[in-house]
Amino acid sequence: MNSHSGMAEGGQDSREPTIMPFSEAVKFHGHVCPGFTLGYCAAKIAIKELRSERDVDEQLVAIVENDACGVDAIQAVTGCTMGKGNLIFRNYGKHVYTFINRATNDAVRISLKDREKDEEPAFRSLRMKVREGKATPEEVTVMRTMMQAQVDKMLVEPAENYFDVKHVTPEVPGQARLFNSVKCSKCGEMVAESRARVENGNFVCIPCFSDYTRGW
Ligand SMILES: [Zn+2]
Ligand SMILES: [Zn+2]
């Protein structure tokens, strides 16, 4: 075994990982909102806790349990993306994010604390009014100002104020696979073999597939 000086064995690295600045991440999402900011904070925790850089080639995996604004921050900051296959979406409606570092076999589960009580009732009713389209332009401005203040607060406070963070044993999902495509015999469009159905012995895509059910 040869040893190289200056390189720690076992991949341990004491450098602070670089994290995409908030302003940079926002460009991906478009607007600034509390949901995105929470996702940004969760992504930051993941990068730090797992001692990882932004993902390049699937060494990092994110399992997200909602499909709201925060998931865009997760994709921008951690590099775990839908297209690369290392963003796994579970439709549970929970602000819970699990990150796995395949290189170190470490995983962290980040779940949002109950923050209902911290929310100002005035802000909540104003937001409701804006959402329903019943707010005056002045009220919209007030709501935007309150929202920005909330975002600024989140960015300076320790992320642990918002999330419970614990290291867990990773359930490492397989690397994303590439599948052959087959032609749907009904619409003629190409569909991944793994997602195709068979009807009367022919390949069909899911939208063309007429589900046979007898009700049980
Ligand atoms: Zn948003
Ligand atoms: Zn089809």
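Note that this is a predicted model, so its numbers are computed, not measured.

What counts and how
- Residues numbered from 1 in each chain as written.
- Chains lettered and ligands numbered in written order.
- Predicted model: local features only at pLDDT ≥ 70, side-chain atom pairs only at ≥ 80, totals over all residues.
- Helix = DSSP H or I, 4+ residues; strand = E, 2+ residues; numbered from the N terminus.
- Buried ≥ 20, exposed ≤ 12 C-beta atoms within 10 Å, placed from the backbone.
- Pairing = 2+ DSSP bridges.
- Axes fitted to C-alpha atoms, helices over the stretch in contact; angles between N-to-C directions.
- Contact = placed C-beta atoms within 7 Å.
- Parallel < 35°, antiparallel > 145°, perpendicular 65-115°, else oblique.
- Nonpolar A, V, L, I, M, F, W, Y, C, P; charged D, E, K, R; others polar.
- Core = buried A, V, L, I, M, F, W, Y, C linked by C-beta atoms within 7 Å.
- Domains from an automatic or database assignment.

Chemist: Please give an account of the overall build of the protein chain that cites residues and values.
Modeler: A tally of regular secondary structure across the protein chain gives 5 helices and 9 strands. Listed by position from the N terminus, the elements making up the protein chain come as α-α-β-α-β-β-β-α-α-β-β-β-β-β. Across its three principal directions, the C-alpha atoms of the protein chain cover 70 × 60 × 35 Å. The proportion of buried residues among the 216 residues of the protein chain is 25%.

Chemist: How would you sum up the sheet that holds strand β3 (residues 96-101)? Please name residues and give values.
Modeler: Taken in spatial order, the 5 strands of this open sheet run β2-β1-β3-β4-β5, and their pairing is mixed. The open sheet has two free edges, formed respectively by β2 (87-89) and β5 (163-168), since each of these has just one partner strand. Averaged over all pairs of adjacent strands, the angle between their axes in this sheet comes to 15°, without regard to strand direction. Pairing of strand β1 (residues 60-64) with β3, which is carried by 5 bridges, proceeds in the antiparallel orientation. Of the residues in β3, the one forming a bridge with Val61 is Ile100. Sheet strands in contact with helix α2 (residues 34-49) are β3, β4 (106-112) and β5, and its direction is about 155° off that of β4. Contacting β1, β2 and β3, helix α3 (residues 70-78) runs over the sheet at an angle of about 175° to β1.

Chemist: Could you give an account of the packing of α2 against helix α5 (residues 137-156), naming the residues involved and the relevant values?
Modeler: One can describe the packing of α2 onto α5 by two numbers: an axis separation of 9 Å at closest approach and a directional angle of 5°. Comparing their axes, α5 and α2 come out roughly parallel. Residues Pro34, Thr37, Leu38 and Cys41 of α2 lie in contact with α5, whose contacting residues are Met147, Gln150, Val151, Met154 and Leu155. Within the contact of α2 with α5, the residues separate by chemical class into 7 nonpolar, 2 polar and no charged.

Chemist: Any chance you could break down unusual backbone geometry for me, citing the residues and the numbers?
Modeler: Although it is not a glycine, Glu58 sits at a positive phi angle of roughly 70°. When you line up the elements, Glu58 lands in the loop between α2 and β1. When the 15 C-beta atoms within 10 Å are taken as the criterion, Glu58 is described as partly exposed. With a phi angle near 60°, Asn105 is a residue other than glycine that sits in the positive phi range. Looking at where Asn105 falls in the secondary structure, it is placed in the loop between β3 and β4. What makes Asn105 exposed here is the crowd of 10 C-beta atoms within 10 Å.

Chemist: So what's going on with the nonpolar core? Which residues, and what values?
Modeler: Grouped together as the largest cluster of nonpolar side chains are 33 residues, with contacts concentrated most on Ala42, Ala46, Ala62, Ile74 and Phe99. The element that contributes the greatest number of residues to this core is α2, accounting for 9 residues. With residues up to four places along the chain from it excluded, the contact list for Ala42 reads Gly70, Ile74, Tyr97, Ile110 and Phe163. The next biggest cluster of nonpolar side chains, apart from the first, holds 5 residues, and it includes Cys184, Val191, Ala196 and Cys205.

Chemist: Tell me about the environment of Thr98, residues and numbers included.
Modeler: One can find Thr98 in strand β3. Filtering out sequence-adjacent residues up to four positions away, Thr98 remains in contact with Ile63, Ala107 and Arg109.

Chemist: Residue-level account of the domain arrangement of the protein chain, with values.
Modeler: Looking at the assigned domains, one finds that the protein chain contains domain 1 (16-168) and domain 2 (177-216). Distance between the C-alpha centres of domain 1 and domain 2: 36 Å.

Chemist: Go over the pairing of β3, please, and point to the residues and values.
Modeler: Counting buried residues in β3 gives 5 out of 6 residues, a clear majority hidden from the surface. Hairpin remark: β3 followed by β4, antiparallel, with 4 residues in the connecting loop; positive phi at Asn105, about 60°.

Chemist: Kindly report on the environment of Phe163, identifying the contributing residues and their values.
Modeler: For Phe163, the location among the structural elements is in strand β5. On the basis of neighbour count, Phe163 is assigned to the buried category, with 21 C-beta atoms found within 10 Å. Between the C-alpha atom of Phe163 and that of Ala42, which follows or precedes it by 121 residues, the distance is 7.6 Å. Excluding its chain neighbours within four sequence positions, the residues that come into contact with Phe163 are Cys41, Ala42, Ile45, Ile110, Ser111, Leu112 and Lys113.

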